[in-house]
Amino acid sequence: MGKYDEIKFAACQANLQLPVLGLVVFTFGNVSAADRNQGVFAIKPSGVAYAELSPEKMVVVDFDGQTVEGTFRPSSDTKTHAVLYNHWNKIGGIAHTHSTYATAWAQAQRDIPVFGTTHADHTTADIPCAPPMSDEMIRGDYELQTGFQIMNCLKERQLSYEEVEMILVGNHAPFTWAKTAEKAVYNSAVLESIAQMAFLTENINPEAPRLKDSLIKKHYDRKHGPDSYYGQS
Ligand SMILES: [Zn+2]
């Protein structure tokens with residue numbers, strides 16, 4: 001057993017879920033799994049097809065994005081993951097996709113309004129869309145700055161990363177996170193579903209109202225509140 005086997009396995013499994021869930025095509029997208037005790041995370045190698053992924057091919061990097069173990073080059077988005085792990089100490093997994101509907105909202109530079117209970121089951125806030133990055137950020141250390149763009153957007157809106165585990169980066173695509181890589185991928189799939197439903201809702205009724213506060217609160221609390229009663233746990 002190598003000391004990084006657990007996160008390499010978790011990262012591989014989570015990455016393999018992306019094409020299964022229809023969230024990526026070709027080599028798009030990436031998921032990472034962190035080990036906070038060792039201060040590292042395992043991430044998909046850059047440009048390797050999903051069909052060819054295995055735990056051994058995962059790249060282990062530290063929270064500054066420096067490779068610690070692995071023969072492949074890590075995903076080109078590695079520094080974005082590193083920044084988020086560095087600053088948000090309760091997350092253990094991050095996923096990035098260019099899933100169609102969520103990416104369309106990002107390209108339209110719009111937050112996804114909370115229209116229904118599916119959305120409210122996961123968060124009470126509209127899914128934020130961070131503004132497109134400035135020319136200065138793009139010309140600089142682009143992937144590193146993408147991480148700061150995500151953090152700044154949540155900070156400006158006074159949203160907690162523990163309550164809102166998903167964001168759109170304007171003109172780019174979604175990023176999601178969670179306590180585990182598996183849950184981060186789940187959040188990517190949920191976000192894509194919410195994005196699709198919101199798109200259809202506005203098409204059917206351009207004047208569709210946001211979900212009313214009482215329903216937002218009811219649905220969020222029954223899953224996440226102190227007296228939650230959804231599921232079996
Ligand atoms: Zn991307």
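How each quantity is defined
Residues numbered from 1 in each chain as written. Predicted model: local features only at pLDDT ≥ 70, side-chain atom pairs only at ≥ 80, totals over all residues. Heavy atoms only, no water. Helix = DSSP H or I, 4+ residues; strand = E, 2+ residues; numbered from the N terminus. Rg over C-alpha atoms; globule rule 2.2 N^0.38 Å. Buried < 20%, exposed > 50% of the residue type's maximum accessible area, 1.4 Å probe, protein only. Donors = N, O, S within 2.8 Å, 3.2 Å for Na, K, Ca; no water. Expected span 1.5 Å × (residues − 1). Contact = heavy atoms within 4.5 Å. Pairing = 2+ DSSP bridges.

Colleague: Where do I start with the overall build of the protein in this structure?
Modeller: Secondary structure assignment for the protein yields eight helices and eight strands. Relative to the 2.2 N^0.38 estimate, which gives 17 Å for 233 residues, the radius of gyration of the protein is 18 Å and therefore close to what a compact globule would have. Seen along its three principal axes, the alpha-carbon backbone of the protein occupies a region of about 55 × 45 × 30 Å. When the 233 residues of the protein are sorted by exposure, 48% land in the buried category.

Colleague: Any chance you could explain the coordination of the zinc ion here in plain terms?
Modeller: Six octahedral donors around a metal ideally make angles of 90 or 180 degrees; four tetrahedral donors ideally make 109.5 degrees. In the first shell of the zinc ion, the protein supplies His96 (NE2), His98 (NE2) and His172 (NE2), at 2.1 Å from the metal. In the primary structure, the donors to the zinc ion are separated according to the pattern H-x1-H-x73-H. Of the residues examined, histidine 96 reaches a relative accessible area of 1% and is grouped as buried.

Colleague: Honestly, helix H6 (residues 142-156) in this entry has me stumped. Any pointers?
Modeller: An α-helical turn contains 3.6 residues, so a residue and the one three or four places further along point in the same direction. Taking 1.5 Å of rise per residue, the 15 residues of H6 would be expected to cover 21 Å, and the 20 Å separating its terminal C-alpha atoms lies within 8% of that figure. The inward-facing, buried residues of H6 contact helix H2 (78-87), strand E6 (129-130), helix H5 (135-139), strand E7 (166-169) and strand E8 (174-178). Positive phi shows up at glutamine 158, right after H6, with a value of about 55°.

Colleague: Just to check I follow, could you spell out helix H1 (residues 5-20) for this structure?
Modeller: With 16 residues, H1 extends 23 Å between its outermost C-alpha atoms, agreeing within 8% with the 22 Å of an ideal straight helix rising 1.5 Å per residue. Taken together, the buried positions of H1 are occupied by Ile7, Lys8, Ala11, Cys12, Ala14, Asn15 and Leu18. Packed against the buried residues of H1 are strand E1 (30-35), strand E2 (40-43), strand E3 (59-62), strand E4 (67-69), strand E5 (93-96) and helix H7 (181-204).

Colleague: What should I look at first to understand the pairing of E1 in this one?
Modeller: In regular strands, side chains alternate between the two faces of the sheet. Taken across its six residues, E1 has six buried, putting it largely inside the fold. Residues Asn30, Ser32 and Ala34 point to one face of E1 and Val31, Ala33 and Asp35 to the other, with burial holding for every one of them. Looking at chain direction, E1 and E2 are connected through four bridges and run antiparallel. Bridge pairing links alanine 33 to alanine 42 in E2. Remark: four residues form the turn of the hairpin made by E1 and E2, two consecutive strands paired antiparallel; glycine 39 in that turn has positive phi of roughly 65°.

Colleague: What exactly am I supposed to notice about unusual backbone geometry here?
Modeller: With phi around 55°, glutamine 109 is a residue other than glycine that occupies positive phi space. Take glutamine 109: its relative accessible area is 43%, and that puts it in the partly exposed class. Unusually for a residue other than glycine, glutamine 158 sits at a positive phi of about 55°. Along the chain, glutamine 158 falls in the loop between H6 and E7.

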